[in-house]
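Residue-level structure breakdown
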Amino acid sequence: MSTTIYQTIKVSPRGKDAVASVTCVDFHNLSDKQLREIYAALTKHQVLQFPKSHLAQEQQLALTRRLCEVTGVSADNLRITEITNQGEYGDYELDWHADSYFKETGPKIGILNAINIPSTAVNTRFCNMIDLWEDVREDIQRELRGKSICNDAVYTQYGRPRGQTKPTTEDFRKWPHVEHPIVHIDPDTGKEALYLGARKWAFIKDMDQRRSDEILEELWKMVDSGEYTFEAEWQQDMLVMWRNDFVLHFKPKGNGEPRLLDRTSVPGGALIIPSLSC
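A brief report on the enclosed structure follows.

In a regular helix each residue adds 1.5 Å, so 14 residues correspond to 20 Å; helix 1 (residues 32-45) covers 20 Å between its end C-alpha atoms and thus fits that length. Taken together, the buried positions of helix 1 are occupied by Gln34, Leu35, Glu37, Ile38, Tyr39, Ala41, Leu42, Thr43 and His45. Close packing links the buried residues of helix 1 with strand 2 (10-13), strand 3 (20-23), strand 4 (47-50), helix 2 (57-71), strand 7 (107-116) and strand 15 (239-243). A positive backbone phi angle near 75 degrees is found at Gln46, which sits one or two residues after helix 1.

Encoded structure:
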């Protein structure tokens, strides 16, 4: 396992490129240079975990605002969302997804701060969609270039309506949905990634339904294989930061022991479609 020493932080990768632990960071006295190096490490590794961050909610919001400045997006309407297993859904399993896949634009960066972690931690899994795309069969890559993935905008992953009128047909291809390019590119690195959004009620636009189902089944098998998956090993006061546009995440079912995470997000924009000549 290699360790990269930046000028102001220490980054220790785990596995291939995805997920790295970052130390030598004091978020209460974070310099602009440290923040830029953190963003550079995030761009390289996709998921970063910071042990013992000890951030209060206002400090987490302040960090998120500064990341908005670094990425050049508006910091208006930032808020804390409490992620708990003590609400109406209980200690549920949450299948693979990108946050806000059901909207036209989702967060660029997700940030979770561990407020209360059970004695038996339920680790969040992340799947690197850049590495996965590199291993997709070439014939399928050719089929997918220039195509869009259509994700359901009616139901949550728990099967509950999002407030819209329930569809009158069982054909989910006719339900309200959101389109995203199924292949997109990171303008900072030039690397391409697969975008799936979420598993349920998804289809590939302008493709025969049977072929769409076949390809999506093969892609989700790659996600489920574990080959591209890394775990954030939760500890009390740990902060985890990830590129929501380039990784999926998954939360296994817990044992009901109270768990509380504070989430903030750095807004993103429309996914960038690579040139078809790539």
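A few words now on the packing of aromatic side chains. For the structure on display, the rule yields nine aromatic pairs. Ring centres 5.1 Å apart and planes at 65 degrees place the aromatic pair Phe27 and Phe50 in the edge-to-face group. With Phe27 in the loop between strand 3 and helix 1 and Phe50 in strand 4, the pair connects residues that are 23 residues apart, well separated along the chain. Neither residue differs from the other here; Phe27 and Phe50 are each classed as buried. Arg162 extends its terminal NZ or CZ atom over the ring of Phe102, reaching a point 3.5 Å from the ring centre.

Size it by volume and the largest pocket reaches roughly 1200 Å³. Taken together, 41 residues make up the lining of the largest pocket; nearest its centre are Thr81, Ile83, Asp99, Ser100 and Arg263. When residues of the lining of the largest pocket are traced back to their parent elements, those giving at least two are strand 5 (81-84), strand 6 (94-97), strand 7, strand 16 (247-251) and strand 17 (260-267). Counting residues per element, the lining of the largest pocket draws most heavily on strand 17, at six residues. Its boundaries defined by the atoms lining it, the second largest pocket holds a volume of some 310 Å³. Around the second largest pocket sit 28 residues that line it, and Asp245, Gly268, Gly269, Ala270 and Leu271 are the ones nearest its centre. Elements with a minimum of two residues in the lining of the second largest pocket: strand 7 and strand 11 (183-185).

All right, on to the sheet that holds strand 13 (residues 203-204) then. With antiparallel pairing, the three strands of this open sheet are ordered in space as 10-9-13. Edge positions in the sheet fall to strand 10 (177-181) and strand 13, since each of these pairs with one other strand and no more. As paired strands, strand 9 (residues 148-152) and strand 10 are joined by five bridges and run antiparallel to one another. Residue pairing in the sheet places Asn151 in a bridge with Val178 of strand 10.

Counting residues in hydrophobic clusters, the biggest one holds 30 residues, and the most contacted among them are Leu132, Leu144, Leu194, Leu196, Leu219 and Val223. Every element with two or more residues in this core is listed here: helix 3 (129-135), helix 4 (138-144), helix 5 (209-224) and strand 16. The contacts of Leu194, once residues within four sequence positions are left out, are Met129, Leu132, Trp133, Leu144, Ile182 and Leu219. Of all hydrophobic cores here, the second largest spans 26 residues; its members include Ala20, Ala41, Phe50 and Leu239.

We note that Gln46 has phi near 75 degrees; this positive angle belongs to a residue other than glycine. Here Gln46 shows up in the loop between helix 1 and strand 4. With a relative accessible area of 3%, Gln46 lands in the buried category. Positioned with a positive phi, Asn77 is a non-glycine residue whose angle comes to about 65 degrees. Relative to the helices and strands, Asn77 resides in the loop between helix 2 and strand 5.

What counts and what doesn't
Residues numbered from 1 in each chain as written. Predicted model: local features only at pLDDT ≥ 70, side-chain atom pairs only at ≥ 80, totals over all residues. Heavy atoms only, no water. Helix = DSSP H or I, 4+ residues; strand = E, 2+ residues; numbered from the N terminus. Expected span 1.5 Å × (residues − 1). Buried < 20%, exposed > 50% of the residue type's maximum accessible area, 1.4 Å probe, protein only. Contact = heavy atoms within 4.5 Å. Phe/Tyr/Trp six-rings, centres within 6.5 Å; stacked < 30°, edge-to-face > 60°. Lys NZ or Arg CZ within 6 Å of the ring centre and 35° of its normal. 1 Å grid on protein atoms, 1.4 Å probe; cavity = no way out; pocket = protein on both sides within 12 Å on 5 of 7 lines; lining within 4 Å. Points joined across faces, edges and corners; volume = space filled by probe spheres on them. Pairing = 2+ DSSP bridges. Core = buried A, V, L, I, M, F, W, Y, C linked by side-chain atoms within 4.5 Å.

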